[in-house]
Amino acid sequence: MPEDFTKHTLVSPLDDIEAVRTIFDKHGSDVAGVIIEPVPANNGLLLQSKEFLEFLREITETYQSLLIFDEVISGFRVAAGGAVEHYGIAPDLCTYGKVIGGGLPVGAFGGRAEIMKMLAPGGPVYQAGTLSGNPLAMACGLGRLDCLEKNSLWKKLDRKTSEFVGTVTNAIGDTPAQAVSIGSIFWLSLQKNCPARAEDISPESTKKYADLFKKALDAGIYLAPSAYEVGFISSAHSRDELTTAAKELGKIVSSVCR
Ligand SMILES: Cc1ncc(COP(=O)(O)O)c(C=O)c1O
C-alpha cells in the first residue's frame, strides 16, 4: 500500500475503547469514518465485545463521522441481517461479498438513504464496472439467499456449528486451546486465552497450527492452510460427518498443544 494512501488512515487495536477514544480526542473532527469488521474473521475469529461495537457507534455519532461495517465475511453468515442484526447496531454503511454471490463474484454496499442518495443518477458519486449488477451473479445470489430463507438454513447452520464446536471443545478437554464460533463461522485458537486482537495471537500457536493442519489432513479433515483463516460449516456437511470430524479434531488439537 503506498504511503500516500496509508497516511490518511489511523489504525487502532481491536476491542480497545481507550485506544479509539485517544484517536478521537486527538483527531476527532478529521475522522471521516471508522471501518471495522464487526466480526473480525480475516485474521482468526477475533470476537469483539458488544460494548466496544456500541462505543464505536456512539463516538462516531458524537463526532459526526461514519461507522462502516465490513460484512464481507460475516454478512449472511452470522444471521440473515449479518452482524448488524446479531448485535443490534446500525452502522451508516455496510459492505457485503462472498455469500451474497452464492459462489459467483459479487460485492455490494448499502446504508442510510441520505448517503445512498449521493450515488448517480441522484447524486454526484458514479459507481460502475463491467461486472456491476452482472445478471448471472445477481440471479445466483438471489437464489442462494432465497434458499437460505425458505429452508431456515441460518437456524440450522447455527445449531450445527454450535454442536460442532461443542464436540471439539469436549474433546479438547483441559488442553490450552479453544474452538470458537459465531453463526456458521468457527475458528481453532491454539493458545490458552482466546484473542480479541490480532497482536494477541501467539506466534507459537501458528507453528502448532501447521502440525494440526497436516495431522487433520491425514485424518481426512481439510482445514484452511493458515492459522489465521476461519472455517465455515455448510448445509452440505452432515451431522455424522461433523461429529466424526469434531471428535477427531479435538484429539489432534490435544496432541499438538500438549
Ligand atoms: C473482510 C473482507 N473485506 C473485504 C474483502 C475484499 O473483498 P473483495 O475481494 O470482494 O473486494 C475481503 C476479501 O476476502 C474480506 O475478507
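From a predicted model like this one, the values you see are computed outputs, not experimental measurements. (Residues numbered from 1 in each chain as written. Predicted model: local features only at pLDDT ≥ 70, side-chain atom pairs only at ≥ 80, totals over all residues. Heavy atoms only, no water.)

I'd like to hear about the overall build of the protein, residue by residue, with values.
Within the protein one finds 9 helices and 7 strands. Scaling as 2.2 N^0.38, a compact globule of 258 residues should have a C-alpha radius of gyration of about 18 Å, and the protein matches this with 20 Å. Based on the C-alpha atoms only, the size of the protein along its principal axes is roughly 55 × 45 × 35 Å. Here the protein, with 258 residues, has 41% of them falling under the buried criterion. At a minimum sequence separation of 6, the contacts of the protein that also span at least 24 residues come to 62%. Here the protein has roughly 14400 Å² of accessible surface; of this, 55% comes from carbon and sulfur atoms. Computing the positive centroid from 25 side-chain charges and the negative centroid from 31, the protein places the two 6 Å apart. (Helix = DSSP H or I, 4+ residues; strand = E, 2+ residues; numbered from the N terminus. Rg over C-alpha atoms; globule rule 2.2 N^0.38 Å. Buried < 20%, exposed > 50% of the residue type's maximum accessible area, 1.4 Å probe, protein only. Contact = heavy atoms within 4.5 Å. Areas by Shrake-Rupley, 256 points an atom, 1.4 Å probe, with all protein chains shown as cover. Lys, Arg positive; Asp, Glu negative; His and termini not counted. Charge placed at Lys NZ, Arg CZ, Asp CG, Glu CD.)

How would you sum up the packing of aromatic side chains? Please name residues and give values.
Both the distance between ring centres and the angle between the ring planes are used here to describe each pair of aromatic rings. Under the defined criterion, the tally for this structure stands at 4 aromatic pairs. On the basis of an interplanar angle of 65° and a centroid distance of 4.9 Å, the ring pair of Phe164 and Phe186 is categorised as edge-to-face. Highlighted residues: Phe164 in helix H7 (residues 153–172) and Phe186 in strand S6 (residues 185–189), separated in sequence by 22 residues. Across the pair, exposure class does not vary: Phe164 and Phe186 are buried alike. Above the face of the Phe232 ring, Arg77 is positioned so that its terminal group lies 3.7 Å from the ring centre. (Phe/Tyr/Trp six-rings, centres within 6.5 Å; stacked < 30°, edge-to-face > 60°. Lys NZ or Arg CZ within 6 Å of the ring centre and 35° of its normal.)

Requested: an account of unusual backbone geometry, with residues and values cited.
Here the bond from Ala120 into Pro121 is cis, since omega is 10°, no more than 30 degrees from zero. Looking at where Pro121 falls in the secondary structure, it is placed in the loop between helix H5 (113–116) and helix H6 (135–150). A positive phi angle, near 65°, is found at Phe76, a position not held by glycine. Here Phe76 shows up in the loop between strand S2 (66–70) and helix H4 (82–87). On the basis of relative accessibility, which here comes to 15%, the residue Phe76 falls in the buried class. Positive phi, normally seen in glycine, also occurs at Ser152, with a value near 45°. By secondary structure assignment, the location of Ser152 is in the loop between H6 and H7.

Explain the nonpolar core to me, using residue names and the numbers behind them.
Counting 39 residues, the largest nonpolar core has Leu45 and Leu56 as the members making the most contacts within it. It is helix H3 (residues 50–62) that contributes the most residues to this core, 5 residues altogether. No fewer than three residues from each of domain 1 (3–149) and domain 2 (153–257) sit in this core. Not counting the four nearest positions on each side in its chain, Leu45 is found in contact with Val39, Pro40, Val180, Ser181, Ile182, Ile185, Phe186, Trp187, Pro195 and Val230. Counting 25 residues, the second largest nonpolar core, distinct from the first, contains Ile172, Leu223, Ile252 and Cys257. (Core = buried A, V, L, I, M, F, W, Y, C linked by side-chain atoms within 4.5 Å. Domains from an automatic or database assignment.)

How would you summarise H6 if you had to cite specific residues and measurements?
When the terminal C-alpha atoms of H6 are compared, their 22 Å separation across 16 residues agrees well with the 22 Å that a helix rising 1.5 Å per residue should span. Residues of H6 that are buried include every one of Ala137, Gly141, Leu145 and Leu148, and no others. When H6 is viewed along its axis, its buried side chains cluster within an angular range of 60° and face the same direction. Pointing more than 90 degrees away from the buried face of H6 are the exposed residues Pro135, Leu136, Ala139, Leu142 and Lys150. (Expected span 1.5 Å × (residues − 1). Arc of directions from axis to C-beta.)

Functional significance is not addressed by these values, which are geometric in nature.
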